[in-house]
Amino acid sequence: MSYIIGVDLGTTSTKSVLFDEHGAPKAYSNIPYPLYQDAPDMAEEDPEEIFTAVINGLTEVMRKGKVQPGELKGVSFSAAMHSVILMDEHNHPLTRVITWADNRAAKYAQELKASGVGAEIFKHTGVPTHPMSPLVKLIWLQNEHPDLLKQAKHIIGIKDYILYRLFGRYVQDYSLANATGLFNIFTMDWDEQALKVAGITRQQLPELVDTEYQITGLDSAYAEVTGIAIDTPFIIGASDGTLSNLGVNALDPGVLAVTIGTSGAVRTVVDKPVVDPNGRLFTYYLAKDRWVVGGPVNNGGIVFRWVRDQLFAPEKITAEQLNVDSYELLTQIAANIPAGSDGLLFHPYLGGERAPIWNANARGSFFGLTRQHTRAHMVRAALEGIVYNLYLVMLMIEGITGKPKSIQATGGFARSELWRQMLADVFEQDVNIPQSFESSALGAAVLAMHSLNMIDDLAEVQKMVGVTNTHHPHEENFMVYRELLPIWIRLSRNLQGEYDSIANFQRNHPNPNNHSANQD
């Protein structure tokens, strides 16, 4: 038997999956680490904690899978986008990992937008102007931490750090480079204008390689620890979002992938780079002749967690005592409330927002509360608000690539029947739930199989992914959503002018008890 390991470097954990040559999972590891939020708008990780999670994850799946020497054909990586680490001349980190969720560069994103330079750069990078972008993070560092930037010999992301530790080389795949806002998607090279604005040189950035690039010569110490042979090819892989499309078999034009984990995204694949003229959608490289167009949202499952922890703390404790999944308990509560939550609307912008509004200062709100509304209404309204937001992203994609012909839904939310049905009702389309275990890790493994000539085409992923069920829209529900969605959209627009005011107030009056490491 031949095996491939797909490693997914996520925001709160690293998942390692051992797949056989048919894409069937044989061993699994999920190792969490904290997201440090000990200052306003901060969201950082410790690169060494992530590296340790990678080594332990590889070791664990090799042991669980009882893989014999020679059976492991390759290891491939998926990684969260938009991370930044500054490295000094001795190749030691000057910073922690500044993640996509870090909003400290919000002021500089606004200035870049207002100047018109952001729109110019977007036209050749395909990355919307937002504090998530390493381009904007570097402008922030340039202005507020110039001493750190001056010391930085190398500017890398988390996957680059892992590969440097394993192989002693700084390399970055086109897909993650594309997500930095520093990469020109038409020349497939670093973008000179973006580099100048960021105040850095191409010499500080990693070597650019394609997503199927192979690296060999694993450090002998880590080979011994993990049980992986030194000459095993490591395939560099791509970003988590693009690989999720591959992992759920959303490769064909017109197939829409909707993912909700901690955050969320709506994406579709096209055969050449196409840029949204309004600057609201990203364009990211996956592989030759395959580009992913879509929009990421900050507020997915993390909003559901907030509802659970802040509004249903007693139920959470009860669920733990009964060994019942607390989220499943909440969805059962929400299922007792009719579609539309009796007119209660929720804007889920608890952590600012990327698509569809691209406003780091956006804040969450309930609208339409009456004495008749209960906590059960609030949890359903929160779930509906997340789906409304994704629907707006879908409308933007539809304007660029046409109406989707099918929807593949995945992520942690897909375990909830209520949420799946809600997606079908709001989108007014059938929603397919692929039987795909850890879609980004599978996508990384499939990319590796193609690189290693184990498969002839990435489309062979369809043999590895099944559909467990399909949800059809219920007319009585989507008719309700048709009435409420225009109200929800108008509210979102009307509140735009107030988001900056309330966000500035919160920054000027911080609660010192609100910023701590997130272990969940």
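Definitions and cut-offs
Residues numbered from 1 in each chain as written. Predicted model: local features only at pLDDT ≥ 70, side-chain atom pairs only at ≥ 80, totals over all residues. Heavy atoms only, no water. 1 Å grid on protein atoms, 1.4 Å probe; cavity = no way out; pocket = protein on both sides within 12 Å on 5 of 7 lines; lining within 4 Å. Points joined across faces, edges and corners; volume = space filled by probe spheres on them. Helix = DSSP H or I, 4+ residues; strand = E, 2+ residues; numbered from the N terminus. Salt bridge = Lys/Arg side-chain N within 4 Å of Asp/Glu carboxyl O. Buried < 20%, exposed > 50% of the residue type's maximum accessible area, 1.4 Å probe, protein only. Axes fitted to C-alpha atoms, helices over the stretch in contact; angles between N-to-C directions. Parallel < 35°, antiparallel > 145°, perpendicular 65-115°, else oblique. Contact = heavy atoms within 4.5 Å. Nonpolar A, V, L, I, M, F, W, Y, C, P; charged D, E, K, R; others polar. Pairing = 2+ DSSP bridges. Left-handed = near helix turned anticlockwise from the far one by under 90°. Phe/Tyr/Trp six-rings, centres within 6.5 Å; stacked < 30°, edge-to-face > 60°.

Now for empty space enclosed by the protein. Taken as a whole, this structure holds three cavities of 30 Å³ or more when the rule is applied. By volume, the largest cavity is sized at about 150 Å³. If you go around the largest cavity, you meet 17 residues; those closest to its centre are Ser 83, Ile 156, Gly 157, Gln 172 and Thr 180. Listed by contribution, the elements that provide at least two residues to the lining of the largest cavity are helix H4 (134–144), strand S8 (154–156) and helix H6 (158–167). Sort the elements by how many residues they give to the lining of the largest cavity and H6 lands first, with three residues.

A separate point is the pattern of salt bridges. Within the structure shown, the criterion is met by 22 salt bridges. In this structure, Lys 64 engages Glu 60 in a salt bridge whose closest nitrogen and oxygen atoms are separated by 2.7 Å. With Lys 64 and Glu 60 both in helix H1 (residues 47–65), this residue pair falls four residues apart, about one helical turn. On the basis of relative accessible area, Glu 60 is assigned to the partly exposed category, the value being 22%.

This brings us to the packing of helix H13 (residues 326–334) against helix H14 (residues 375–401). At a minimum axis distance of 8 Å, the contact between H13 and H14 shows a crossing angle of 105°. For the element pair H13 / H14, the angle class is roughly perpendicular. Of H14, the residues touching H13 (which contributes Leu 330, Thr 331, Ile 333 and Ala 334) are Ala 376, Val 379, Arg 380 and Leu 383. Of the residues contributing to the contact of H13 with H14, the split by class is six nonpolar, one polar and one charged.

A sheet is described by the order of its strands in space; here six strands give the open sequence S3-S2-S1-S5-S14-S13, paired in mixed fashion. Two strands in the sheet have a free side with no partner beyond their single neighbour: strand S3 (25–32) and strand S13 (214–215). Sheet topology places strand S2 (residues 13–20) next to S3; seven bridges connect them, and they run antiparallel. Residue pairing for S3: Lys 15 is matched across the bridge by Asn 30. Along the sheet face, H1 touches strand S1 (3–9), S2, S3 and strand S5 (72–79) and points at about 155° away from the line of S3.

What follows deals with the packing of H1 against H6. For the pair H1 and H6, the least separation of the axes is 10 Å and the interaxial angle reads 65°. When the axes of H1 and H6 are compared, the crossing they make is right-handed. For the pair H1 and H6, the contacting residues are Pro 47, Glu 48, Ile 50, Phe 51, Val 54 and Ile 55 in the first and Ile 158, Tyr 161, Ile 162, Arg 165 and Leu 166 in the second. Split by residue class, the contact of H1 with H6 holds nine nonpolar, no polar and two charged.

Note: most peptide bonds trans; most residues except glycine with negative phi. Cis geometry marks the peptide bond from Ala 355 to Pro 356, where omega comes out at 5°. Its place among the elements puts Pro 356 in the loop between strand S19 (345–347) and strand S20 (365–367). One non-glycine residue with positive phi stands out, namely Glu 438, at about 50°. Residue position: Glu 438 is located in the loop between strand S22 (431–435) and helix H16 (439–451).

What follows covers the side chain of Ser 2. As for its position among the elements, Ser 2 is in the segment before S1. Judged by its relative accessible area of 16%, Ser 2 is buried. With near-sequence residues (within four places) excluded, Ser 2 lies in contact with Phe 19, Asp 20, Glu 21, Glu 71, Lys 73 and Met 454.

In this fold, Val 446 is placed in helix H16. For Val 446, a relative accessible area of 0% corresponds to the buried category. Sequence separation between Val 446 and His 22 is 424 residues; the distance between their C-alpha atoms is 9.5 Å. Discounting chain neighbours no more than four positions away, the residues touching Val 446 are Leu 246, Ile 455, Leu 458, Val 461 and Met 464.

Across the sheet, seven strands lie side by side as S17-S18-S16-S15-S21-S22-S23; this open sheet has mixed pairing. The sheet is open, and its two borders are formed by strand S17 (282–287) and strand S23 (466–471), each paired with just one other strand. For this sheet the average axis-to-axis angle between neighbouring strands, irrespective of direction, equals 30°. Pairing analysis gives five bridges linking S22 to S23, with the strands arranged antiparallel. Looking across to S23, one finds that Ile 433 is bridged to Asn 469.

The next point concerns the packing of aromatic side chains. Taken as a whole and assessed by the stated rule, the structure comprises 19 aromatic pairs. Ring geometry for Phe 167 versus Phe 234: centroids 5.0 Å apart, planes at 70°, classification edge-to-face. With a gap of 67 residues between them, Phe 167 in helix H6 and Phe 234 in strand S14 (residues 234–239) connect regions that are remote in the sequence. We classify Phe 167 as buried; its relative accessible area is 14%. Ring plane angle 75° and centroid distance 5.0 Å describe the contact between Tyr 285 and Trp 291, whose orientation is recorded as edge-to-face. Each member of the pair, Tyr 285 together with Trp 291, is buried.

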